[in-house]
Amino acid sequence: MAAGTSIGTTPGGSTSPETPPEHGLTGTVISVDAMGGDTGPAAVVGGLAIAAEKNPDIAFLLHGDATELTALVAKRRALDGRVAIRGTSDVVTMHDKPSQVMRGGKDTSMWSAIDAVRNGEATVCVSCGNTGALMALSMVRLRKVPGINRPAIACLWPSRAKSGFNVMLDVGADIKADAQDLLQYALMGASYARNGLGNPTPRIGLLNVGTEEHKGRAELKAAHDLIAQAAPDNDFEFVGFVEGGDIPSDKVDVIVTDGFTGNVALKTAEGTAALIRDFLTQAFEKTPWSKIAAMLAYTSLRRLSKRIDPRRVNGGVFLGLNGTVVKSHGSADATGVAAAIKLAFILAQSGFTERLAARVASAGRARESGAATPEEEAVSGSANG
């Protein structure tokens, strides 16, 4: 496609990273799976338009039904000259199993979107689609960063911190995590906070059932010592064990846990936030006096609603891959998609993938140069046994 074309449809063939991109886009190119979400491609294109209006340096490689997407993009003046469409014939649904997608998903918009990052045509992939399938495809097509055992999904959590958010990982990539995995999550989480939130020395906390060092499972105690040893050489502060109530606090910037615990905590928080909004609505609509009170408090209530709106923190980042993938909520509307795009752009601008890989490699070399601690030997023996 020639440079400057408003909308271009390109074939789904692969190119090597050395081949100049065929889409003709300039600026920071974000690859977007337009078809996998619950709300359909209209919400995705609407989110792209919001992001494009706020940032003139973003361009999009959009994957999905070429006819439908061409019509949707043509209605958005903000996207003129900033979108190339790559037509695909199939879609990964929320009900598809990852194994099915791996076997027969080459013609899907999700596969095509990930491959655009693999082939160097885009810096980041964003998808509202099936989380399990997206992680499986990302691991196979992009591969793990050398030294990473298990990739993780990191989310932003509204908090009392100056940035307004804390980072938590893993929130669902893998339900298991041993001490070495938790150490790698700490390194990746610190890199995310540093590059995504501009925090040069993030505070890391390890989620546990109590803050006392004698509490918790054996792998948590071993991880506690490993993370504490790694902190001085990796530009983060380790605050030790933290509890569930500390997740939204200003005590910590990054919360490290396994994917099972993290996912339960995330879904519980989302449900609680929705419950509070419903209770507030019911309370202010109950009587004429309460309706008047709601009108008087409108500005404050609107500010509170915006602060706890999950759409503002939409976007879980897959960490530990040779390429950045942002997972948007499947039910995200245009506002939510725009938030995921904003996060993807920030990470792309910071060179996040390369910085994370360098940090993990540096930490790995440091561990190899020193003698193994008793905790490391115990973890190694457990893994091999």
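As shown above, the structure is provided for reference.
One structure accompanies this document, and this report is about it. On a predicted model such as this, the values are computed, not experimentally measured, just so you know. (Residues numbered from 1 in each chain as written. Predicted model: local features only at pLDDT ≥ 70, side-chain atom pairs only at ≥ 80, totals over all residues. Heavy atoms only, no water.)

So, on to the overall build of the protein chain. Across its full length, the protein chain carries 13 helices and 12 strands. Residue pairs in contact within the protein chain that sit at least 24 positions apart in sequence constitute 73% of those at least 6 positions apart. Summed over its atoms, the accessible surface of the protein chain is roughly 17700 Å², and 53% of this surface lies on carbon and sulfur atoms. (Helix = DSSP H or I, 4+ residues; strand = E, 2+ residues; numbered from the N terminus. Contact = heavy atoms within 4.5 Å. Areas by Shrake-Rupley, 256 points an atom, 1.4 Å probe, with all protein chains shown as cover.)

The subject of this paragraph is the side chain of D181. Structurally, the position occupied by D181 is in helix 6 (residues 179-196). Owing to a relative accessible area of 2%, D181 belongs among the buried residues under this scheme. Beyond its immediate chain neighbours, meaning those up to four positions away, D181 contacts N149 and R150. (Buried < 20%, exposed > 50% of the residue type's maximum accessible area, 1.4 Å probe, protein only.)

Residues I175, F260 and V264 make up a contiguous nonpolar surface patch of about 310 Å² in total accessible area. Topologically, V264 is positioned in helix 8 (residues 259-284). (Patch = residues over 30% accessible without salt bridge, like charges linked within 9 Å, V, L, I, M, F, W, Y side chains within 5 Å. Salt bridge = Lys/Arg side-chain N within 4 Å of Asp/Glu carboxyl O.)

Among the 10 residues in helix 4 (residues 109-118), 9 count as buried, and that is most of the element. Turning to helix 4, the residues buried within the fold contact strand 2 (28-33), strand 3 (58-64), strand 4 (83-87), helix 3 (98-104), strand 5 (124-127) and helix 5 (131-142). Backbone geometry just after helix 4 places G120 at a positive phi near 80°.

Let us now look at the nonpolar core. Counting residues in hydrophobic clusters, the biggest one holds 70 residues, and the most contacted among them are F60, L62, Y192 and I341. Take this core: its biggest share by element is 10 residues, from helix 6. The next biggest cluster of nonpolar side chains, apart from the first, holds 35 residues, and it includes A59, A116, L137 and L142. (Core = buried A, V, L, I, M, F, W, Y, C linked by side-chain atoms within 4.5 Å.)

This paragraph deals with the packing of helix 6 against helix 7 (residues 218-230). Taken N-terminus to C-terminus, the directions of helix 6 and helix 7 make an angle of 40°; their axes are 8 Å apart at the nearest point. As the angle between them shows, helix 6 and helix 7 are arranged oblique. Once helix 6 is placed against helix 7, the crossing between them reads as right-handed. Facing A179, Q180, L182, L183 and A186 of helix 6, the residues of helix 7 in contact are E219, L220, A222, A223, L226, I227 and A230. Its residues assigned to classes, the contact of helix 6 with helix 7 shows 10 nonpolar, 1 polar and 1 charged. (Axes fitted to C-alpha atoms, helices over the stretch in contact; angles between N-to-C directions. Parallel < 35°, antiparallel > 145°, perpendicular 65-115°, else oblique. Left-handed = near helix turned anticlockwise from the far one by under 90°. Nonpolar A, V, L, I, M, F, W, Y, C, P; charged D, E, K, R; others polar.)

Opposite charge on two side chains lets them pair, provided their charged atoms get close. As enumerated under the stated definition, the model contains 10 salt bridges in all. Note that R86 is salt-bridged to E121, the shortest N-O span being 3.0 Å. Note that R86 is positioned in strand 4 and E121 in the loop between helix 4 and strand 5, a separation of 35 residues in sequence. Given the relative accessible area of 2%, R86 is considered buried. A salt bridge links R203 to D253; the shortest N-O distance between them is 2.9 Å. On the criterion of sequence distance, the pair formed by R203 in strand 8 (residues 203-207) and D253 in the loop between strand 9 (237-242) and strand 10 (254-256) is long-range, its members being 50 residues apart. In this structure, R203 and D253 share a single accessibility class: buried. Bridged by salt links that share partners, the residues R150, D174 and D181 form one connected network.

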